[in-house]
Amino acid sequence: MSTNSTPQPAATGRSGLCCCLLFTVLPVVWLLAAPFLPEQASWFPFWLAAVVWNGTDGQGGISHLLG
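Engineer: So what exactly am I meant to see when it comes to the overall build of the protein here?
Structural biologist: Helix and strand counts for the protein stand at four helices and zero strands. Mapped in sequence order, the helices and strands of the protein form the string α-α-α-α. Carbon and sulfur atoms provide 70% of the accessible area of the protein, an area that totals close to 6200 Å².

Here it is, written out as structure tokens:
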């Protein structure tokens, strides 16, 4: 019988894999569903990438930080 009262850490599982798997599955699902989506919805990922890269006004965003 152990007299140590500190709780033992939980066994490490695959909880980190679930997060990465989500970002891997989403593009695949989008590519499979794109032919069936309306045009605005199918172009959404490209629009989102352009806004992140150029900013909402076309002058800022990540491209401004990188030069």
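Picking up where we left off.
Engineer: Could you clarify how one ought to interpret the confidence of the model for the protein in this entry?
Structural biologist: Low-confidence regions, as indicated by low pLDDT, have predicted coordinates that should not be scrutinised in detail. Scored by pLDDT, the protein has a mean of 77; 73% of the residues are at 70 or more. Within the protein, helix H4 (residues 62-66) has the poorest average pLDDT of any element, 71, and helix H3 (residues 44-54) the best, 85.

Engineer: In this structure, what is going on with a nonpolar patch on the surface? I would like to understand it.
Structural biologist: A cluster of nonpolar side chains, Phe44, Trp47, Leu48, Val52, Trp53 and Ile62, forms an exposed patch at the surface whose accessible area comes to about 590 Å². Relative to the assigned elements, Phe44 resides in helix H3. Residue class for Phe44 comes out partly exposed when judged on its relative accessible area of 43%.

Engineer: Just checking my understanding: could you explain the environment of Trp30 for this structure?
Structural biologist: If you trace the backbone, Trp30 turns up in helix H1 (residues 15-33). Beyond its immediate sequence surroundings of up to four residues, Trp30 is in contact with Leu37, Ala41, Ser42, Pro45 and Phe46.

Engineer: Quick question: what am I supposed to make of the side chain of Ser42 here?
Structural biologist: Along the chain, Ser42 falls in helix H2 (residues 39-42). For Ser42, a relative accessible area of 14% puts it in the buried group. Polar side-chain contacts of Ser42 include one of 2.9 Å to the backbone oxygen of Glu39. Excluding residues that lie within four positions of it along the chain, Ser42 makes contacts with Trp30, Ala34 and Leu37.

Thresholds, definitions, all that
Note on numbering: residues in each chain are counted from 1, in written sequence order. Residues qualify for local features only when their pLDDT is at least 70, as the model is predicted, and side-chain atom pairs are given and counted only at 80 or more; totals for whole chains, interfaces and linings, by contrast, use all residues. To get the side-chain values, all heavy atoms of the structure are used, and hydrogens and water are removed first. The helix and strand labels rest on DSSP assignments: H or I over at least four residues marks a helix, E over at least two residues marks a strand, and numbering proceeds from the N terminus. To be clear on the numbers: accessible area is Shrake-Rupley with a 1.4 Å probe, and residue cover counts the displayed protein chains and nothing else. As a per-residue quantity, pLDDT reports the predictor's confidence and falls between 0 and 100. Exposure above 30% relative accessible area and the lack of any salt bridge qualify a residue for a patch; like charges then connect within 9 Å, and the nonpolar side chains Val, Leu, Ile, Met, Phe, Trp and Tyr within 5 Å. Salt bridges are identified by distance alone: a Lys or Arg side-chain nitrogen within 4 Å of an Asp or Glu carboxyl oxygen. For each residue, the accessible area found with a 1.4 Å probe, counting protein chains only, is set against the maximum for its type, and the residue is called buried under 20%, exposed over 50%, and partly exposed in between. Any pair of residues with heavy atoms lying within 4.5 Å of one another is described as a contacting pair. Throughout this description, a polar contact denotes any pair of N or O atoms lying within 3.5 Å of each other; where both atoms belong to protein, one of them has to be capable of donating a hydrogen while the other can accept it, and for residues adjacent in sequence the pair is counted only when both atoms sit in side chains.

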